[in-house]
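Residues per chain, in single letters:
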Amino acid sequence: MTLPPRRQWSANLTSAFARVPSPQGVELPPYRRSELVLLVAAGILTTAALSALTLAHDGHLTYHIATYALGFYVLWGFVHLAMRRFAPAADPLLMPLCAALNGLGLVMIYRLDLARSDAAKQAGRAIPPSAAHTQIVWTALSVIVFALVLALVRNHSTLARYTFTAGLAGLVFLCLPALPGIGATINGARLWLRVGPFSFQPSEISKILLAIFFAGYLRTFGALMSAHVVTKARRRSTGNAAAALTGAIRRLRPGAHGPGEPAAPADVTDSSGTYTGVISRVWSKGPRFYVPAILTWVAGLGVLVIERDLGSSLLFFGMFLVVLYVASERARFVVVGLGLFIAAALAAYHLFSHVQVRVDIWLHAFDGTNPSNKSYQLVQGLYGFAAGGITGTGLGRGHPNKVPFANTDFIMASLGEELGLTGVMAILMMYLLIVVRGMRVALTAPDPFGKLLATALAATLGIQVFVQVGGVMRLIPLTGVTLPFVSYGGSSLVANAAIIALLLRISDTVRRRQAEAQEVLEVEPDQVANVQTEIVRRVEVPETQETHEPAE
Amino acid sequence: MDPTQPNELVLLLVKIGYLTLLWAFVLLAVRAVRADVLGPTRRQARRGAGAPVGRGPTPRGPARPRVAQPRAGIQVPSALNAPNAYPPSKLVVTKGPLAGTVIPLTGEPITIGRAPDSTLVLDDDFASGRHARLVPHDGRWFVEDLNSTNGTFLEHTKVTTPMPVSLGAPVRIGKTVLEFRR
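All of the points below concern the structure found in this document. (Residues numbered from 1 in each chain as written. Chains lettered and ligands numbered in written order. Predicted model: local features only at pLDDT ≥ 70, side-chain atom pairs only at ≥ 80, totals over all residues. Heavy atoms only, no water.)

1. Quick word on a nonpolar patch on the surface
All names here are of chain A. Among the surface-exposed residues, Phe78, Leu141, Ile144, Leu148 and Leu152 lie close enough to one another that they form a single nonpolar patch of about 490 Å² accessible area. Residue position: isoleucine 144 is located in helix H4 (residues 131-152). On the accessibility criterion, isoleucine 144 (44% relative accessible area) is partly exposed. (Patch = residues over 30% accessible without salt bridge, like charges linked within 9 Å, V, L, I, M, F, W, Y side chains within 5 Å. Areas by Shrake-Rupley, 256 points an atom, 1.4 Å probe, with all protein chains shown as cover. Salt bridge = Lys/Arg side-chain N within 4 Å of Asp/Glu carboxyl O. Helix = DSSP H or I, 4+ residues; strand = E, 2+ residues; numbered from the N terminus. Buried < 20%, exposed > 50% of the residue type's maximum accessible area, 1.4 Å probe, protein only.)

2. A short note on the sheet that holds strand S4 (residues 120-121) of chain B
All names here are of chain B. What the five strands build is an open sheet, ordered S4-S3-S5-S6-S9; its pairing is mixed. Looking at which strands have only one partner, the edges of the open sheet turn out to be S4 and strand S9 (163-165). Of the pairings in the sheet, the one linking strand S3 (residues 110-113) to strand S5 (residues 132-137) comprises three bridges and is antiparallel in character. Within the sheet, the bridge partner assigned to isoleucine 110 lies in S5 and is leucine 134. (Pairing = 2+ DSSP bridges.)

3. Section: the packing of helix H1 (residues 31-58) of chain A against helix H2 (residues 64-86) of chain A
Residue and element names in this part refer to chain A. Put simply, H1 and H2 touch, their axes get as near as 10 Å, and they point 160° apart. With respect to their mutual orientation, H1 and H2 come out roughly antiparallel. Relative to H2, the crossing made by H1 is right-handed. For the contact of H1 with H2, the per-class residue count stands at 13 nonpolar, seven polar and three charged. (Axes fitted to C-alpha atoms, helices over the stretch in contact; angles between N-to-C directions. Parallel < 35°, antiparallel > 145°, perpendicular 65-115°, else oblique. Left-handed = near helix turned anticlockwise from the far one by under 90°. Nonpolar A, V, L, I, M, F, W, Y, C, P; charged D, E, K, R; others polar.)

4. Some points on the pattern of salt bridges
Should the charged atoms of two oppositely charged side chains come close, the side chains can pair. Residues and elements named next belong to chain A. Counted under the stated rule, the structure contains ten salt bridges over all chains. Between arginine 32 and glutamate 35 there is a salt bridge; the shortest N-O distance is 2.9 Å. Of this pair, arginine 32 and glutamate 35 both sit in helix H1, three residues apart, roughly one helical turn. In this structure arginine 32 comes out as buried when scored by relative accessible area, which is 5%. With a closest N to O distance of 2.8 Å, arginine 437 and aspartate 91 form a salt bridge. Residue arginine 437 is located in helix H14 (residues 411-444), and its partner aspartate 91 is located in the loop between H2 and helix H3 (94-123); the two are separated by 346 residues in the primary sequence. Across the pair, aspartate 91 and arginine 437 agree in class, each one buried.

5. Side note on helix H12 (residues 353-363) of chain A
Where H12(A) is concerned, the buried positions are A:His354, A:Val355, A:Val359 and A:Ile361. Viewed along the axis of H12(A), the buried residues span an arc of 155°, placing them on a single side of the element. (Arc of directions from axis to C-beta.)

6. A few points about the packing of aromatic side chains
All names here are of chain A. What the rule picks out here adds up to nine aromatic pairs over all chains. Each ring, one from phenylalanine 366 and one from tyrosine 383, has its centre 6.3 Å from the other, and the planes form 65°; the classification is edge-to-face. In this pair, phenylalanine 366 is assigned in the loop between H12 and helix H13 (376-388) and tyrosine 383 in helix H13, connecting sequence segments 17 residues apart. What makes phenylalanine 366 partly exposed here is its relative accessible area of 40%. One aromatic cluster is present, formed by Phe164, Phe213, Phe214, Tyr217 and Phe320 through successive ring pairs. (Phe/Tyr/Trp six-rings, centres within 6.5 Å; stacked < 30°, edge-to-face > 60°.)

7. Observations regarding H3(A)
Its 30 residues place the ends of H3(A) 43 Å apart at the C-alpha level, agreeing with the 44 Å of an ideal helix rising 1.5 Å per residue. With 23 of 30 residues buried, H3(A) is to be regarded as a mostly interior element. (Expected span 1.5 Å × (residues − 1).)

Here is the structure:
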């Protein structure tokens, strides 16, 4: 019997970089090769954007472009090397996509700088400080954070140990701006920390911390739910609930059985038939299990009310719902959660004037004096999109600087004006790909914590893009979140780099494990197939009944 | 207005060129994902004809699974001493990308998974490399989960220990559903 040929990993893009060695002696798939190719393409994309901008603005190309391109490759090349070192089997798509988005954002921020300095020159004012330079510094910092996360978190499971610490820290970070003294209100939302000259948005950090917390916390919840499913399935097949109840949940509150169920023998009470059963089971696990959920809910509302941060609370709530759905596999929780959210939103609308203003800006953008007053920003952004049309005005040829905060909240309107619908679709596709790759990491992760964490992180990015772009495009009320990787803003850039690094860490763990399992199994492929199945005990089943009971 | 401003046509070409480049990048990225979702392209499959590409048996269309040849020298349980009077003669894939595939039963264990040397090679994100196997024992077939990530289900019940599979009972692995037929 000859052994089958060793499994060959298919090269996705090209074999140009095939002979780059990988560490640890494990033959790893050429993910890094694909990544490098995509990264080079991202660099070309950024350089081309800068060239097009310079050509439109100055009328000729200068060697400065080459300097910037070199800078791009040095920064992201560093990330690539860090990944080769620390996460050689991680997903090849996530990092180049982020690099491309970041490059595109940088070019757009630079373009808005140019517009501002031109306006200042014409008016004879001093040229304002460049936002693009600050953003480059932040990009460098986020690249370092990226490498640090990959280097320090060598196994994502260790994060599960800090579930409750992360939850507490996340809530503290979330609430810090509300404190007088260090908290600062910028642009109408109190979500900044100001220490000396630096201002920082702690909610971006708590995004990651809360993702770890939700994943770790709901992991246990998921186990409770699946126990509930198994019991239900077994009861259906045997008709004897009490006898079939096994496994994780044994210590149940006496007397907590669902309606219509016969009270089972004293020590084993089955309450799994109803959702109240699940809730009472969570309750019975002690305060450790329900206090965090209540605290999260209260904090979410607190953020909404005190810090006036509609975007963050929407983001955290959405993340919680997604993770809850994935952990429990119950659509009902999502429906109930959405219902609660709508109720809370309606209550907020009636109670708080700033929410009413937001809704008025959104629903009545073109009514009365709104277009030149409250809705000015939104309406200018919409005119920007309209001016862009299908193919846009071309980089450097529109007037995106007419929109206030064009380089943070409204950068999508600037991109829409200059790149048009075609460009915006491409950018949204990039985000979609990032989220899809993140979900794929979740799909392949073997441990519940990794699954939930990857889901939470990918969902956060997706929801943030939806909330941001939806707000700018007047689909939902405008909120103050940033567009990941593109918007001007240091905290957001650093936090999103950390999110991608965590996703890559999980992906690396998963794929490396798969590759090693492959390696081990490849030696004796027939052994698995030919080992005699061992049946410990046969269960006598009546011939008439369907024989699908497990042999126990 | 600006005398240094380049030709309108040049700028139009630059604009269109840039958008093309943007989408080329997106498509390049999609192409890298493609192999995960749809299996290798025809070219990749042809290239891997000598050494099998692990992703799946054929790139598209009615996929033909590689069915293991019966091996000599292994005792085949005879139908005569089996407790089941009507032993199944074939395994049929009823749902999933390989639907319609029939595997004749030889008395050999059938391994199912993404690994290229499985009897039934699945191309499914939900399937593990070695996902499950079907083993004959005393004339009955048992399904056994090989510690797969996403589980094997026999009629909505998760397979944790080897379970006997009756005729027509659906065995679900990821998107694929199998059943024994006479």
